[in-house]
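Structure assessment
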Amino acid sequence: MSAPEIVAHRGATAEAPEHTLAAFRNAAVLGADAVECDVRMTRDGVLVCVHDRRIQRTSNGRGVVSALHLAELEQFRFGARRSRFDRWKDDEIIAVTDEPDVENGLVLTLDRLLEYVTATPGTVRLAIETKHPTRHAFRVEAEVLRTLRRFGVLQGDRPAEWGGKPAFRVMSFSQLAVRRVTALAPGVPTVQLIGKRLRPLRTDLLSGSMDAVGPGVSLVRADPGYVAQAHAAGKEVHVWTANRPADIDFLLSLGVDAVITDRPDEALRRRDRSTSAS
């Protein structure tokens, strides 16, 4: 059994805010196998890496991503977090030239992330999550695949391979979105993310065409046998978001295929220790 992938959730965010180039660079430096990014579409059809439907948590602006044009989003500073308990609460980017080596405070587009990732292909793979529901519906997946083709990461209907593995995969909580990706590009690996579902529904999912299922760590804690059940059905298991050392160790002991975490450094240490011990 190969060691599970360690996936940096929204980048390595211990030293930089989520969905910034700095966070993704940090993940690569730490040695993460992959980075996870959330993708939404702006009103004018541009893909941006923003988790929430609204932008106020991760910027100094307000509004819904799908209702704003890219030019409007770029008027706001992204990256500084606003919670008074957060270490980034005092970040302030005065102008776009203030931090040229980080991200300039601009909202991160999928294009800019791919420019970075493809500059050193093979260093870090991508796990792209499309967010739904959205007014743009099927356009999101279609544009994700079109963008990946433009950067040469998707060749025909199959991903390029980096280090012997697909350079990217597409994930979503939306079953329709996952099926849409398979219909548009049958060779693209897909992950059906799973929230709070009853066990019969989780079992039914395993008959689908997706390559992997993505349960939350609390679900796996409650039903650890689901990992073996998914493997028996020929599906990989990618678990989110495991941050506590005990949870990381638990997932490693179950033989999951990917651990999605805000603490890739901790997960890498524990995986390497587990691998050397075995």
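Definitions and limits used
- Residues numbered from 1 in each chain as written.
- Predicted model: local features only at pLDDT ≥ 70, side-chain atom pairs only at ≥ 80, totals over all residues.
- Heavy atoms only, no water.
- pLDDT = per-residue confidence, 0-100.
- Contact = heavy atoms within 4.5 Å.
- 1 Å grid on protein atoms, 1.4 Å probe; cavity = no way out; pocket = protein on both sides within 12 Å on 5 of 7 lines; lining within 4 Å.
- Points joined across faces, edges and corners; volume = space filled by probe spheres on them.
- Helix = DSSP H or I, 4+ residues; strand = E, 2+ residues; numbered from the N terminus.
- Nonpolar A, V, L, I, M, F, W, Y, C, P; charged D, E, K, R; others polar.
- Buried < 20%, exposed > 50% of the residue type's maximum accessible area, 1.4 Å probe, protein only.
- Pairing = 2+ DSSP bridges.
- Right-handed = clockwise from strand over helix to strand, strands pointing away.
- Disulfide = S-S within 2.5 Å.
- Phe/Tyr/Trp six-rings, centres within 6.5 Å; stacked < 30°, edge-to-face > 60°.
- Lys NZ or Arg CZ within 6 Å of the ring centre and 35° of its normal.
- Salt bridge = Lys/Arg side-chain N within 4 Å of Asp/Glu carboxyl O.
- Axes fitted to C-alpha atoms, helices over the stretch in contact; angles between N-to-C directions.
- Parallel < 35°, antiparallel > 145°, perpendicular 65-115°, else oblique.
- Left-handed = near helix turned anticlockwise from the far one by under 90°.
- Core = buried A, V, L, I, M, F, W, Y, C linked by side-chain atoms within 4.5 Å.

1. Describing the confidence of the model for the protein
Mean pLDDT over the protein: 90, with 90% of residues reaching 70 or higher. A low-confidence stretch, residues 82-102 (pLDDT under 50), is modelled with 34 contacts involving residues beyond four sequence positions or located in other chains.

2. Some details on the layout of surface pockets
Here the idea is plain: a probe the size of a water molecule rolls over the atoms and shows the empty space left. Of the voids in this model, the largest pocket is the one considered here, and its volume is about 360 Å³. Taken together, 19 residues make up the lining of the largest pocket; nearest its centre are Glu5, Lys165, Arg169, Glu236 and His238. At the level of elements, strand 8 (165-166), strand 9 (168-172), strand 10 (190-194) and strand 12 (236-239) are the ones that each hand at least two residues to the lining of the largest pocket. Across the lining of the largest pocket, the residue classes tally to nine nonpolar, three polar and seven charged.

3. Section: the pairing of strand 13 (residues 258-261)
The side-chain alternation of strand 13 yields two buried faces, one formed by Ala258 and Ile260 and the other by Val259 and Thr261. Strand direction decides the pairing type here: strand 12 and strand 13, joined by two bridges, are parallel. If you follow Val239 over to strand 13, its bridge partner there is Val259. In this fold, the crossover linking strand 12 to strand 13 by way of helix 9 (residues 245-254) has right-handed handedness.

4. Things to note about unusual backbone geometry
Omega for the peptide link from His132 to Pro133 comes to 0°, which places this bond in the cis form. Within the element layout of this structure, Pro133 appears in the loop between strand 4 (125-130) and helix 4 (139-150). In this structure, Ala137 takes a positive phi of about 45° despite not being glycine. Its place among the elements puts Ala137 in the loop between strand 4 and helix 4. What makes Ala137 partly exposed here is its relative accessible area of 30%.

5. With respect to the state of the cysteines
By the definition in use, this model includes zero disulfides. Counting only cysteine sulfurs, Cys49 is the nearest neighbor of Cys37, a cysteine outside any disulfide, at a range of 4.5 Å.

6. Notes on the environment of Ala185
Counting through the fold element by element, Ala185 comes out in the loop between helix 5 (175-184) and strand 10. Overall, the relative accessible area of 0% leaves Ala185 in the buried class. Apart from the residues lying within four places of it in its own chain, the contact partners of Ala185 are Leu145, Arg149 and Asp157.

7. Quick word on the packing of aromatic side chains
Aromatic ring pairs are reported here in terms of the distance separating the ring centres and the angle at which the planes meet. Tallied over the full model, the rule gives one aromatic pair. Centre to centre, the rings of Phe173 and Trp240 are 5.6 Å apart; their planes meet at 85°, and the pair counts as edge-to-face. In this pair, Phe173 sits in the loop between strand 9 and helix 5 while Trp240 sits in the loop between strand 12 and helix 9, placing the two residues 67 residues apart along the sequence. For Phe173, a relative accessible area of 35% puts it in the partly exposed group. Over the face of the ring belonging to Tyr226 we find Arg202, whose NZ or CZ atom lies 5.6 Å from the ring centre. The cationic tip of Arg221 hangs over the ring face of Phe250; the distance from NZ or CZ to the ring centre is 4.2 Å.

8. Some remarks on the pairing of strand 12
As paired elements, strand 11 (residues 212-215) and strand 12 share two bridges and run parallel to each other. Note on strand 12: the bridge partner recorded for Ala212 is Glu236.

9. A few points about the pattern of salt bridges
Here the structure, examined in full by the defined rule, presents 20 salt bridges. Arg263 is paired through a salt bridge with Glu266; the nearest N and O atoms lie 3.7 Å apart. Each of the salt bridges in this network shares a partner with another, and the network as a whole consists of Arg10, Glu18, Asp38, Asp52 and Arg57.

10. A few points about the packing of helix 1 (residues 21-30) against helix 3 (residues 110-119)
When two helices pack together, their arrangement is given by the angle between the helix axes and by the axis-to-axis distance. Between helix 1 and helix 3, the shortest axis-to-axis distance is 11 Å and the interhelical angle comes to 25°. Our classification of the angle between helix 1 and helix 3 gives roughly parallel. Crossing of helix 1 over helix 3 shows right-handed handedness. Of helix 3, the residues touching helix 1 (which contributes Leu21, Phe24, Arg25 and Ala28) are Arg112, Leu113 and Tyr116. Broken down by class, the residue content of the contact of helix 1 with helix 3 amounts to five nonpolar, no polar and two charged.

11. Side note on the nonpolar core
Counting residues in hydrophobic clusters, the biggest one holds 35 residues, and the most contacted among them are Cys37, Leu113, Leu126, Leu148, Phe168 and Val188. Secondary structure elements with two or more residues in this core: helix 1, strand 2 (34-41), helix 3, strand 4, helix 4 and strand 9. If we ignore the near neighbours within four places in the chain, the residues touching Leu113 are Leu21, Phe24, Cys37, Cys49, Leu108 and Leu126. Counting residues in each nonpolar core, the second largest holds 24 residues, with Val217, Ala230, Ile248 and Leu252 among its members.

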